[in-house]
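Below, each chain spelled out in residue letters.
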Amino acid sequence: MKYAIALIALLPAAAQAGSTELCMDMGASSSKCSCATTTLNSNITLEERALYDSVGDTFLSAKSGGSDVSEAWETAFSTVAAQNNMTTEDLLLDMASVGEKHEDAISSCQ
């Protein structure tokens, strides 16, 4: 349950294809999401970008495969954490600030 709460906290927040597609999945236009991705990428490291893209892509894949939103987030974080020899909790902590930056970028773009 604590994972679900942490994952839901990242929902509004949710760097290359992963962040753009994630933004569009939240209902924003492709031009706004492209702007947000560019803005986000200029404010995060390449390592953060790779992890965030992996989380976003895995989330969208799980969601399109029939998982509900909470299950898709849990799958994304546990899968990407395991692939990177991290705990799910560490990945959640690392990605929280990236998610906030993404949310800010989406809000700042037209």
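Not measured: the values here are computed from a predicted model.

Here we look at the packing of aromatic side chains
And then number 1: Throughout the structure, instances matching the rule amount to 2 aromatic pairs.
And then number 2: Centre to centre, the rings of F59 and W73 are 4.0 Å apart; their planes meet at 20 degrees, and the pair counts as stacked. Of this pair, F59 sits in helix α4 (residues 46-64) while W73 sits in helix α5 (residues 69-83), and the two are 14 residues apart along the sequence.
And then number 3: What makes W73 buried here is its relative accessible area of 3%.
And then number 4: Measuring from ring centre to ring centre gives 6.0 Å for W73 and F77, while their planes differ by 35 degrees; the resulting arrangement is tilted. Pair noted here: W73 and F77 are both in helix α5, with a separation of 4 residues, about one helical turn. Take W73 and F77: they sit in the same class, and that class is buried.
And then number 5: Taken together, the ring pairs connect F59, W73 and F77 into an aromatic cluster.

A short note on helix α3 (residues 30-41)
And then number 1: With 12 residues, α3 ought to run about 16 Å at 1.5 Å a step, and its terminal C-alpha atoms sit 16 Å apart, in line with that.
And then number 2: Inspection of α3 places C33, A36, T37, L40 and N41 among the buried residues, and these make up the whole buried set. Taken around the axis of α3, the buried residues stretch over an arc of 125 degrees, which confines them to a single face.

Observations regarding α4
And then number 1: Between its first and last C-alpha, α4 extends 27 Å over 19 residues, near the 27 Å set by a 1.5 Å rise per residue.
And then number 2: Within the sequence span of α4, burial applies to L51, Y52, D53, V55, G56, T58, F59, L60 and A62.

As for the confidence of the model for the chain
And then number 1: Looking at the chain, pLDDT values average 88 and 85% of them are 70 or higher.
And then number 2: The low-confidence segment residues 1-16, where pLDDT is below 50, has 45 contacts with residues more than four positions distant or belonging to other chains.

Remarks on the state of the cysteines
And then number 1: Summed over all chains, the structure comprises 2 disulfides.
And then number 2: Two residues share a disulfide in this structure: C23 and C33, whose sulfurs sit 2.1 Å from each other. Taking the torsion about the sulfur-sulfur bond, which here is approximately -80 degrees, the covalent link between C23 and C33 counts as left-handed. Placement of C23 in helix α2 (residues 16-25) and of C33 in helix α3 is noted, with a sequence separation of 10 residues between them. Each member of the pair C23 and C33 is classed as buried.
And then number 3: Between the sulfur atoms of C35 and its disulfide partner C109 the distance amounts to 2.1 Å. Disulfide C35 to C109: torsion about the S-S bond roughly -75 degrees, handedness left-handed. Of this pair, C35 sits in helix α3 while C109 sits in the segment after α6 (88-108), and the two are 74 residues apart along the sequence.
And then number 4: Taking relative accessible area as the criterion, C35 reaches 33% and is therefore assigned partly exposed.
And then number 5: The connectivity of the disulfide bonds within the chain can be written as 1-2, 3-4, using the sequence rank of each bonded cysteine.

Rules behind the numbers
- Residues numbered from 1 in each chain as written.
- Predicted model: local features only at pLDDT ≥ 70, side-chain atom pairs only at ≥ 80, totals over all residues.
- Heavy atoms only, no water.
- Phe/Tyr/Trp six-rings, centres within 6.5 Å; stacked < 30°, edge-to-face > 60°.
- Helix = DSSP H or I, 4+ residues; strand = E, 2+ residues; numbered from the N terminus.
- Buried < 20%, exposed > 50% of the residue type's maximum accessible area, 1.4 Å probe, protein only.
- Expected span 1.5 Å × (residues − 1).
- Arc of directions from axis to C-beta.
- pLDDT = per-residue confidence, 0-100.
- Contact = heavy atoms within 4.5 Å.
- Disulfide = S-S within 2.5 Å.

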